[in-house]
Amino acid sequence: MRKVNFSAGPSILPQEVFQQASEAVLNFEGTGLSLLEMSHRDKAFVQVYEEAVSLVKELLAVPSEFEVLFLSGGASSQFFMVPMNLLQDGEKAAYINTGTWSTKAIDEAQLFGEIAVVASSKSSNFNHIPKHYDVPAHFRYLHYTSNNTIYGTQFQSEPNVSIPLVSDMSSDIFSRPIDFSKFDLIYAGAQKNLGPAGVTLVLIRRSILDRQSKKLPSMLDYRIHIANESMYNTPPVFPIYVSMLTLRWLKALGGISAIQLRNDAKAKLLYDEIDRNSLFQGHAVPEDRSRMNVTFTIKDASLEKDFLAKCEENGCEGLKGHRSVGGFRASIYNAMDLSGVERLVSIMKQFEDEKK
Ligand code: PMP
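Residues numbered from 1 in each chain as written. Predicted model: local features only at pLDDT ≥ 70, side-chain atom pairs only at ≥ 80, totals over all residues. Heavy atoms only, no water.

**As for the sheet that holds strand E8 (residues 165–168)**
Within a beta sheet, neighbouring strands are joined by backbone hydrogen bonds and run either parallel or antiparallel to one another.
No. 1: Strand order in the open sheet formed by seven strands is E2-E10-E9-E8-E5-E3-E4, with mixed pairing between adjacent strands. The open sheet has two edge strands, strand E2 (66–71) and strand E4 (114–120), and neither has a second partner. Looking at each pair of strands side by side, their axes are set apart by 20° on average, direction ignored.
No. 2: Running over the sheet, helix H3 (residues 74–86) touches E2, strand E3 (92–97), E8, strand E9 (185–189) and strand E10 (200–205) and is turned about 160° from E9.
No. 3: Running over the sheet, helix H4 (residues 100–109) touches E3, E4, strand E5 (142–145) and E8 and is turned about 160° from E3. (Pairing = 2+ DSSP bridges. Helix = DSSP H or I, 4+ residues; strand = E, 2+ residues; numbered from the N terminus. Axes fitted to C-alpha atoms, helices over the stretch in contact; angles between N-to-C directions. Contact = heavy atoms within 4.5 Å.)

Shown next, in the form of structure tokens:
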């Protein structure tokens, strides 16, 4: 029985991508060389890189005012690169705190300027997305995390502000359309919907850097990465290649509108079961539920281990919840098909029957 992987990240990728990636490790497209031993300046890799950039642009309909970068250092490096590059002396930035990753972004930004947390759901263990807040017009930007991987909440629409908007979309990029007119900078670690760990996608409106005058270390300066088309240093070639394969897969499936429909159907199936099943309850308030990370607990906590064991017996892996929420988390990223969620739902039903 093939296992179904519900891990939060690194996480499931399409089977055919694993197959193609493994072939490229041994013999890249008939060249007689492994992709792992090729120069990043080799024409063969430059083509991979160009295809990856062009698929990002095509699938997300990225406007021409934006640059597409593939950087290293994880989304966590964007927590400091964003304020380092965008905040000039004396400028302030606003942040919305919706969980662990937003909190980390805030902590890092505080090293580079004055940060105002304009809204937070911390007092209710981050079970919802704050709705009412003011963002002063003189702030340089507003930062928010579009999907909260740990708590299982998701912004259903972007915050409405008149200042530049920056978003960490690590755990929901490529799952739904993005209205680029609202954004100035978007970043996402690859290891959920895009590819393996080791590369971070950054989409940046060129004009947001116009006022940047600080001298920064080269590796931390967006302008240097833009000028060198992400090849100022050796880029993470293999993660970029696998990301490109995943984007090809997504395109063949019908692109963002098709995957969004599939994601909605998967999430509905699972949340309906959580709401119906007498043993379980959801963590996030219904209107802010994530379509990527479904967090839920079992009312009788003494049954938690039994349920996890039953999931594993039936080939469902990676369901243990993060320690800050407890219970379970089913990450149902793009590469998970409906049958994976159906398997989990049927285990939940059987478990209820057994415990009645
Ligand atoms: N932001 C979000 C929303 C995440 O889920 C994660 C990690 N899972 C990160 C940031 C940190 O990413 P990385 O480990 O790539 O630094």
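**Looking at unusual backbone geometry**
No. 1: Following Gly 9, the chain continues into Pro 10 via a peptide bond in cis, with omega recorded as -5°.
No. 2: Within the secondary structure, Pro 10 is located in the loop between strand E1 (4–5) and helix H1 (15–26).
No. 3: With a phi close to 50°, Asn 125 is a non-glycine residue in the positive phi region.
No. 4: Residue classification places Asn 125 among the partly exposed residues on the basis of a relative accessible area of 32%.
No. 5: Positive phi values are uncommon outside glycine, yet Phe 126 reaches one of about 50°.
No. 6: Position of Phe 126 among the secondary structure elements: in the loop between E4 and E5. (Buried < 20%, exposed > 50% of the residue type's maximum accessible area, 1.4 Å probe, protein only.)

**Description of the packing of helix H7 (residues 255–276) against helix H9 (residues 338–355)**
No. 1: Following both chains from N to C, one finds H7 and H9 inclined at 5°, their axes separated by 9 Å at the closest point. As summarised for this structure, H7 and H9 are arranged roughly parallel, according to the angle between their axes. Listed contacts from H9 to Ala 265, Lys 266, Leu 269, Leu 270, Glu 273, Ile 274 and Arg 276 of H7 are Leu 338, Val 341, Glu 342, Leu 344, Val 345, Met 348, Lys 349 and Glu 352.
No. 2: Among the residues making up the contact of H7 with H9, the classes are represented as nine nonpolar, no polar and six charged. (Parallel < 35°, antiparallel > 145°, perpendicular 65-115°, else oblique. Nonpolar A, V, L, I, M, F, W, Y, C, P; charged D, E, K, R; others polar.)

**Observations concerning the state of the cysteines**
No. 1: With the rule as written, the count across this model stands at zero disulfides.
No. 2: Among the cysteines around Cys 311, which has no disulfide bond, Cys 316 carries the closest sulfur, lying 5.8 Å off. (Disulfide = S-S within 2.5 Å.)

**With respect to the site of the ligand**
No. 1: Taken together, 13 residues lie near the ligand, and Ser 76, Thr 149, Asp 168, Gln 191 and Lys 192 sit nearest.
No. 2: One of the side-chain N or O atoms of Lys 192 is found 2.7 Å from a nitrogen atom in the ligand.
No. 3: Alone, the ligand offers 400 Å² of accessible surface; in the complex the protein occludes 86% of this.
No. 4: Take the shell around the ligand: its biggest share by element is four residues, from H3.
No. 5: The class makeup of the residues in the shell around the ligand is three nonpolar, eight polar and two charged. (Near = heavy atom within 4 Å. Polar contact = N/O pair within 3.5 Å; in protein donor to acceptor, adjacent residues only side chain to side chain. Areas by Shrake-Rupley, 256 points an atom, 1.4 Å probe, with all protein chains shown as cover.)

**Some remarks on the environment of Phe 280**
No. 1: Looking at the element boundaries, Phe 280 is found in strand E11 (residues 280–282).
No. 2: Here Phe 280 falls in the buried class, since its relative accessible area comes to 2%.
No. 3: The sequence separation of Phe 280 and Ala 301 amounts to 21 residues, and the corresponding C-alpha distance is 10.0 Å.
No. 4: Look past the residues within four positions of Phe 280 in its chain and what remains in contact with it is Ile 274, Phe 296, Thr 297, Ile 298, Lys 299, Phe 307, Phe 328, Met 348 and Phe 351.

**Describing the pairing of E8**
No. 1: Burial along E8 is two-sided: the residues Leu 165 and Ser 167 and Val 166 and Asp 168 are all buried.
No. 2: Note: E5 against E8, four bridges, orientation parallel. The residue bridging His 143 from the neighbouring strand is Val 166, located in E8.

**A short note on the domain arrangement of the protein**
Where the parts come together, the accessible area they lose is often given as the size of the interface.
No. 1: Domains assigned within the protein are domain 1 (15–253) and domain 2 (255–355).
No. 2: Opposite the 29 residues of domain 1 that make contact, domain 2 presents 26 residues.
No. 3: For the domain 1 and domain 2 pair, buried surface summed over both sides reaches about 2300 Å², with 53% attributable to carbon and sulfur atoms.
No. 4: Summed over the shared surface of domain 1 and domain 2, the result is one salt bridge. (Domains from an automatic or database assignment. Buried area = accessible area lost by both parts, 1.4 Å probe. Salt bridge = Lys/Arg side-chain N within 4 Å of Asp/Glu carboxyl O.)

**Some remarks on H1**
No. 1: The end-to-end C-alpha distance of H1, which contains 12 residues, comes to 17 Å, matching closely the 16 Å that a straight helix rising 1.5 Å per residue would cover.
No. 2: Buried within H1 are the following residues: Val 17, Ala 21 and Ala 24. Looking straight down H1, one finds its buried side chains confined to an arc of 60°; they lie on one side. (Expected span 1.5 Å × (residues − 1). Arc of directions from axis to C-beta.)

**Overview of the sheet that holds E11**
No. 1: Taken in spatial order, the three strands line up as E11-E12-E14 in an open sheet, and their pairing is antiparallel. Of all strands in the sheet, those bounded by a partner on one side alone are E11 and strand E14 (328–331). When the angles between neighbouring strand axes are averaged without regard to direction, this sheet yields 35°.
No. 2: Of the strand pairs in this sheet, E11 and strand E12 (residues 293–298) are connected by three bridges, and their pairing is antiparallel. Opposite Phe 280, over in E12, you have Ile 298 as the bridge partner.
No. 3: Docked against the sheet, H7 engages E11, E12 and E14, running at close to 15° with respect to E12.

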